[in-house]
Amino acid sequence: MLITISGPAGSGKSTVAAGLAERLGYDHVSGGDIFRELAAERDLTPLELNKLAEEDDAIDRDLDRRQRDLASSADSLVLESRLAGWMAGDYADFRIWLDAPLDVRVARIADRETKPTDLAREETVERAASEALRYRKYYDIDIETLDIYDLALNTARFSPPAVLDIVATAVESYDPEDDEGKTPITGVTYEF
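Please read all numbers here as calculations on a predicted model, not as lab measurements. (Residues numbered from 1 in each chain as written. Predicted model: local features only at pLDDT ≥ 70, side-chain atom pairs only at ≥ 80, totals over all residues. Heavy atoms only, no water.)

Attention now goes to the overall build of the protein chain. When its secondary structure is counted, the protein chain shows eight helices and five strands. In the protein chain, the succession of α and β elements from N to C terminus is β-α-β-α-α-α-β-α-β-α-α-β-α. The C-alpha radius of gyration of the protein chain comes to 16 Å, within 12% of the 16 Å expected for a compact globule of 192 residues. Each principal axis of the C-alpha atoms in the protein chain carries an extent, and together these give about 45 × 35 × 30 Å. When the 192 residues of the protein chain are sorted by exposure, 41% land in the buried category. Considering only contacts in the protein chain between residues 6 or more positions apart, those separated by 24 or more positions represent 74%. By element, 48% of the accessible surface of the protein chain is carried by carbon and sulfur atoms, the whole surface being about 10,100 Å². (Helix = DSSP H or I, 4+ residues; strand = E, 2+ residues; numbered from the N terminus. Rg over C-alpha atoms; globule rule 2.2 N^0.38 Å. Buried < 20%, exposed > 50% of the residue type's maximum accessible area, 1.4 Å probe, protein only. Contact = heavy atoms within 4.5 Å. Areas by Shrake-Rupley, 256 points an atom, 1.4 Å probe, with all protein chains shown as cover.)

Following this line, the structure appears as structure tokens:
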């Protein structure tokens, strides 16, 4: 089974994806892992590659193509990134969206990256706006559209272990025999 976990920065997607993969005995690949791999291939740091990606859309497209390629041949995988649900598309067996209110996400990011909350807020808002524009431009994806997801959860309402339990229960309860149809991905242009 291919499970995708998507959501904005600070939503808890990396934590949940790693925990879910461990619980299920699946592999876990994050967009961050792929991005670091791309940076290493170019002999750059992730920060240097991120700066370069602002000017060169081939970097984002390479990352997204690699996610799509993984999804097309994956089994027993939790694929996690902001666009994982969209990039995996109909290859995904179960798509999950995690989110939390901006204030909560900003506080998590500030704590994780040991930076002032005001700076974390500014960077988070700016990054989200930039990504939303790029997703629309590259693939005609509206990141705010959540109807492709089988489960959407506000992670601020529960402890991290409880979020993992909720997600794991949903995935473990899924039975293809009872599946009356997932929402298809339509209108997306996968041009890498």
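Time to look at the nonpolar core. Grouped together as the largest cluster of nonpolar side chains are 17 residues, with contacts concentrated most on I3, I5, L20, I96 and V167. Counting residues per element, the ones that place at least two in this core are β1 (2-6), α1 (13-24), β4 (94-99), β5 (151-154) and α8 (160-173). With five residues, α8 is the single largest residue contributor to this core. Beyond its immediate sequence surroundings of up to four residues, I96 is in contact with I3, T4, I5, S6, Y149, L151, V167 and V171. Within the second largest apolar cluster, 16 residues are counted, among which are F35, L49, A53 and A88. (Core = buried A, V, L, I, M, F, W, Y, C linked by side-chain atoms within 4.5 Å.)

In this section: the side chain of R82. Relative to the helices and strands, R82 is located in the loop between β3 (77-80) and α5 (84-88). Residue R82 is classed as buried on the basis of its relative accessible area of 12%. Looking at R82, its side chain comes within polar contact range of the side chain of E131, at 2.7 Å. Here R82 is in contact with S6, G7, P8, A9, K13, W97, R127, E131, Y135, I143 and Y149, once residues within four sequence places are set aside. (Polar contact = N/O pair within 3.5 Å; in protein donor to acceptor, adjacent residues only side chain to side chain.)

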